[in-house]
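Descriptive structure summary
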Amino acid sequence: MQNLGIRFPDLLIWFPLIAGLACFIMRDEKKSRAWALFSSFITLGISVASWLNAGNPELNGLTFSYEWLKYSGVNFAVSLDGMGRLLTGLTAIAFPVIFISTYRNSYKNASVFFGLMLLAQSGLMGVFCATDALLFYFFWELALIPVYFLCSRWGGEKRIQATFKFFIYTFTGSLLMLVGIIYVYLHTVPTAFSEHSFSMRAFHAALLSPTEQNWLFWLFFIAFAIKMPVFPFHTWQPDTYEQAPAATTMVLSGIMVKMGLFAVIRWLLPVFPLAVVHFDKAVIILSVIGMIYASLLAMKQDDLKRLVAYSSIAHIGLMSAAIFTLKEVGMQGVMFQMFSHGINIIGMWIIIELLERQTGIRKISELGGVAHKAPVLTIMLVVIALANIALPLTNAFVGEFMMFSSLFSYNVWIATIAGISIILAAVYTLNMVQKVFYGETVPVTALIRDIAWHEKFILAVLVLIIFVLGVFPKPVIDLTLESVKAALTRFS
Amino acid sequence: MMLGGAFIKDRRTPVYLGIGGLLAILAACAVELKTGRPLLVIDVKDMLHANSFNLTFIMVALGCTLLYFLLNGRDFEKVGPHVSEYFALIFFILCGVSIVATFNTLLMLFLGIEIISIPLYILTGSDKRNLKSNEAALKYFLMGSFSTGIMLLGIAFMYGGNVMGTFFINNMNLGSGPMPALIGVGLVLLMVSMSFKVSAAPFHFWTPDVYDGAPTVFTSFMASIVKVASFFAFVRLFESAFGTLQSQWQTLVAVITAATLIIGNLTAVFQQSVKRMLAYSSIAQAGFMLLALFALNDTAKEGLVLYAAAYSLATIGLFAVLVKMKDYTVDGFNGLSKQQPLLALTVTIFLLSLTGIPLTAGFQAKFYMLWAAIQNGHHFWLVILAVLCAAISAYYYFRIIQAMYFRENSETVMNEWDITPSFKYLLLITAVLIIVLGIFPNLVIDWLHY
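Residues numbered from 1 in each chain as written. Chains lettered and ligands numbered in written order. Predicted model: local features only at pLDDT ≥ 70, side-chain atom pairs only at ≥ 80, totals over all residues. Heavy atoms only, no water.

1. What to know about the overall build of chain A
On a plain count of helices and strands, chain A comes out with 20 helices and two strands. Whereas a compact globule of 492 residues would reach a radius of gyration of roughly 23 Å, chain A reaches 22 Å, a difference of no more than 12%. In chain A, which comprises 492 residues, the share counted as buried stands at 65%. In chain A, the proportion of contacts linking residues at least 24 apart, taken out of those at least 6 apart, comes to 82%. When the accessible area of chain A is evaluated, it comes to approximately 17,100 Å², of which 67% is carbon and sulfur surface. (Helix = DSSP H or I, 4+ residues; strand = E, 2+ residues; numbered from the N terminus. Rg over C-alpha atoms; globule rule 2.2 N^0.38 Å. Buried < 20%, exposed > 50% of the residue type's maximum accessible area, 1.4 Å probe, protein only. Contact = heavy atoms within 4.5 Å. Areas by Shrake-Rupley, 256 points an atom, 1.4 Å probe, with all protein chains shown as cover.)

Here it is, written out as structure tokens:
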């Protein structure tokens, strides 16, 4: 097919960017909200089209790049492989879901709010598409800045401090990564076009000694670990999730944490294979400590948002451990789980948001008996909560099963300890469901009405995705097969 | 071979003449760079030397001064009645800037530095009724003359020490062997005096007081164009005269850089006054620019020009807004976004650029510095230290952003009558320039490759 000059990765990045900038100019709250929703649907359309045309390398820009900074050999190089398509797809699905579910929330300066949301989407798309290291760094930061403003401007009471902590953490990590990127760049093999290059292929072929790989590994990994977050770099996360506005929390936990995992698979494993083999155990142990630690803390939480935040740390810990088992099945599980976790946790946030909007309370101890008043909401919640603890037939089961089987073949003891977190997850999740939704109705919940049709619809979509992928995971697994193989080629 | 152009020295030049003169010189520079043919030749016996690197820098400095005049021209009147004299003094400084950018002998370097410094002493003290301004001027003058003395001594040592017996920095032929004692002493003395001029630690103590005491309009000029010009001289001096001995003085520079970064950034964190904070931040930024001196390769030179542009633009913009503020503390910025959304937006862009966030010129500049330093291959710890300090800098720059956007204030925070639409648009242009340079830094770097 002739190249028509329309490439999906470009569209996925530029469309939200332009839509976001356009959003800033709008004055009217309703208009900007509708525009944001509309544009996010178009982005979803583009993403779906890119899935349908998966076999067409021209349209997915596998070979395309523009020269950007000629003296340093930076190219605007983007492409979509299976993993990229999966995560851009997640981003594209998440935004309309977020916009619809928070449609009733009203914001001061709504146009700025939605504009920043769309800019964040553009940055995320860029991270998942970039095949040039410096471009990747650009988008990595660009996704952060709008989120910083969103949280600080529209968040809860302690938003300024919490967000600032988050910002400083991630910014420090990114700068260390920048140093690493430049170092690798200077060790890439000269080509006919330029002395050095930031392109992914050049990075894979960079000449690095084992010692160099070892410390470069940590420069990169700290940046990614902060983003994921992996223990002990996680302390920003519960505060930020608690304080950020609901829509932003969904972006943060549903998509942004995947940036870290994605980056490990895309940029860490293939570039520093020797160091990865050297430090795999260290990372796995850190991740498992994080899982248990976060699960234990989650049990103690009385605030719904903090509970979900800690449970997210535990889930991410499992994913990061599974990546470093360096086994195909584990990696597949991670891919699958990145998508599932995004869907599930956004569902959780939507329900918490719906509860909080009606009652103004997030304390587990102060809520109770919601099920009598809002049966539909409760059914949705139970499904999502079960997916959260990876019950069979839900999407998370598939991913967790694959990751655990990979961990088991890596080391039985580590896998057993990690397995405890499943039990703990069941404890805190079911405890939460029981206390908030069943039990006696307390005065605050007596006035709760069931959810509106658009909220029903959006939760139903999420529940549908949960079941469909739980029963029929093959399409996703097929999609990412190539990426998994590519990520592991240097370890076989 | 030519001087950046003939400079206007008349005393009653109003704002427009100043701007017009600048434009003319700028055009002359551009034409010369493009065609490679000088327009006006003055025989200076090869004591000044212009190439694309020097001329690009002069253009950057002139361009920034132009913006500075446009933004601050009206604020000169608030300092005192002698507006035309201030302009004349600034033109003298620009003359000095051109000399230090093109100097080829140590004598010219000395001359240039002095032509920059003496008008600066006057400008610092120009607010005669203000005690702080007088104190700052005296302090600056005493410390400055001391460093000048050290520089002269250094030059004398260099003259006596090199086998060629010359002041010409290119002809000294110092070789790369262990350096003779005389040269060593000369080098250290020159390094000390230049470190003083660029306010590198531990010779930075004058900076906060002088920047704080001087009238804000002139602090702006001092912290931006004068500062980067001194840097440019520093790098050129060490590259041409001592480039071959780099391995012997590099560790010393690394230590100075590290100290500057740490002191500048850590102290800036604790400042309540934005003006003082910017003084310390200028020390911190100097630390980053010192990386160019440390690395001293082609990347470093390109990066320095870019850094000069990025840093000057952001600093001039920030100070232009600061001049209009009622209250110079961080709290004084509270609620600015409600009252002056456009100004708040531009200030945000300036601060993001100083922090080094991608898509701003500041990022490209920092990127080049890190690149150069890593390329150099020695003292890798310095690079890690530099980025950690950059992370600290985010802390104090973002405090202003927080104040503007996330905190409320019912009172007006600016002198409203001062803010004309043209001022706003100029600030917007400055901010757009920063972003454009952040996306296409080649707009500046291309000039270096003519």
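From this point, the narrative continues.
2. Description of a nonpolar patch on the surface
On the surface, Leu393, Leu464, Phe467, Val468, Val471 and Phe472 of chain A cluster together into a nonpolar patch covering about 610 Å² of accessible area. Mapped onto the elements of the fold, Val471 of chain A is located in helix H19 (residues 453-471). (Patch = residues over 30% accessible without salt bridge, like charges linked within 9 Å, V, L, I, M, F, W, Y side chains within 5 Å. Salt bridge = Lys/Arg side-chain N within 4 Å of Asp/Glu carboxyl O.)

3. Points about the interface of chain B and chain A
For interface size, the figure often reported is the accessible area lost on association. Each side of the interface is counted separately: chain B has 37 residues, and chain A has 33 residues. Across the chain B/chain A interface, buried area totals approximately 3,300 Å², and carbon plus sulfur atoms make up 80% of it. Taken as a group, Phe367, Trp371 and Phe406 of chain B account for 19% of the area that chain B buries against chain A, more than any other trio of residues on that side. The interface formed by chain B and chain A holds zero salt bridges in total. Across the chain B-chain A interface, the total number found is one residue pair in polar contact (both at pLDDT 80 or more). When contributions to the side of chain B that touches chain A are tallied by element, the ones reaching two or more residues are helix H14 (341-355), helix H15 (361-376), helix H16 (380-406) and helix H18 (442-448) of chain B. (Buried area = accessible area lost by both parts, 1.4 Å probe. Polar contact = N/O pair within 3.5 Å; in protein donor to acceptor, adjacent residues only side chain to side chain.)

4. Remarks on the environment of Asp75 of chain B
Mapping Asp75 of chain B onto the fold places it in the loop between helix H2 (52-72) and helix H3 (76-79). Sequence-wise, Asp75 of chain B and Gly377 of chain B are 302 residues apart; in three dimensions their C-alpha atoms are separated by 46 Å.

5. Quick look at the pattern of salt bridges
Residues and elements named next belong to chain B. Tallied over the entire structure, the rule returns 12 salt bridges over all chains. One salt bridge connects Lys139 with Asp209, and the closest N-O pair in it is separated by 2.5 Å. With Lys139 in helix H6 (residues 131-161) and Asp209 in helix H8 (residues 206-213), the pair connects residues that are 70 residues apart, well separated along the chain. For Asp209, a relative accessible area of 23% corresponds to the partly exposed category. It is possible to trace a salt-bridge network through shared partners that takes in Lys132, Lys139, Asp209, Asp212 and Arg276.

6. Considering the packing of H15 of chain B against H16 of chain B
Residues and elements named next belong to chain B. Put simply, H15 and H16 touch, their axes get as near as 9 Å, and they point 160 degrees apart. Compared by their axis directions, H15 and H16 come out roughly antiparallel. Crossing geometry of H15 relative to H16 is assigned as left-handed. Here Lys366, Leu370, Ala373 and Ile374 of H15 lie close against H16, whose contacting residues are Phe380, Val383, Ala386, Val387 and Ala390. (Axes fitted to C-alpha atoms, helices over the stretch in contact; angles between N-to-C directions. Parallel < 35°, antiparallel > 145°, perpendicular 65-115°, else oblique. Left-handed = near helix turned anticlockwise from the far one by under 90°.)

7. Looking at the packing of helix H11 (residues 274-295) of chain B against H16 of chain B
Residues and elements named next belong to chain B. Between H11 and H16, whose axes approach to 11 Å, the crossing angle comes to 160 degrees. When the interaxial angle is binned, H11 and H16 end up roughly antiparallel. Here the hand of the crossing between H11 and H16 comes out left-handed. Residue-level contacts link Val274, Met277, Ser281, Ala284, Gln285, Phe288, Leu291 and Phe294 of H11 to Leu382, Ala386, Ala390, Tyr396, Tyr397 and Ile400 of H16.

8. Quick word on the packing of aromatic side chains
Taken as a whole, this structure holds 60 aromatic pairs over all chains when the rule is applied. Judged by centre distance (6.4 Å) and plane angle (80 degrees), the ring pair of Trp236 of chain A and Tyr241 of chain A falls under edge-to-face. As far as the burial class goes, Trp236 of chain A and Tyr241 of chain A line up, both buried. Above the plane of the ring of Phe423 of chain B lies Lys324 of chain B, whose end atom (NZ or CZ) is 4.4 Å from the centre. (Phe/Tyr/Trp six-rings, centres within 6.5 Å; stacked < 30°, edge-to-face > 60°. Lys NZ or Arg CZ within 6 Å of the ring centre and 35° of its normal.)

9. Looking at helix H13 (residues 328-359) of chain A
All names here are of chain A. Look at H13: 46 Å from first C-alpha to last across 32 residues, which is about the 46 Å you get at 1.5 Å a residue. Roughly 25 degrees is the biggest bend found in H13, and it falls at Gln337. Judged by how many residues are buried, H13 sits mostly within the fold: 27 of 32 residues are covered. One or two positions beyond H13, positive phi appears at Gly360, with a value near 75 degrees. (Expected span 1.5 Å × (residues − 1). Bend = angle between axes of the 7 residues up to and from the residue.)

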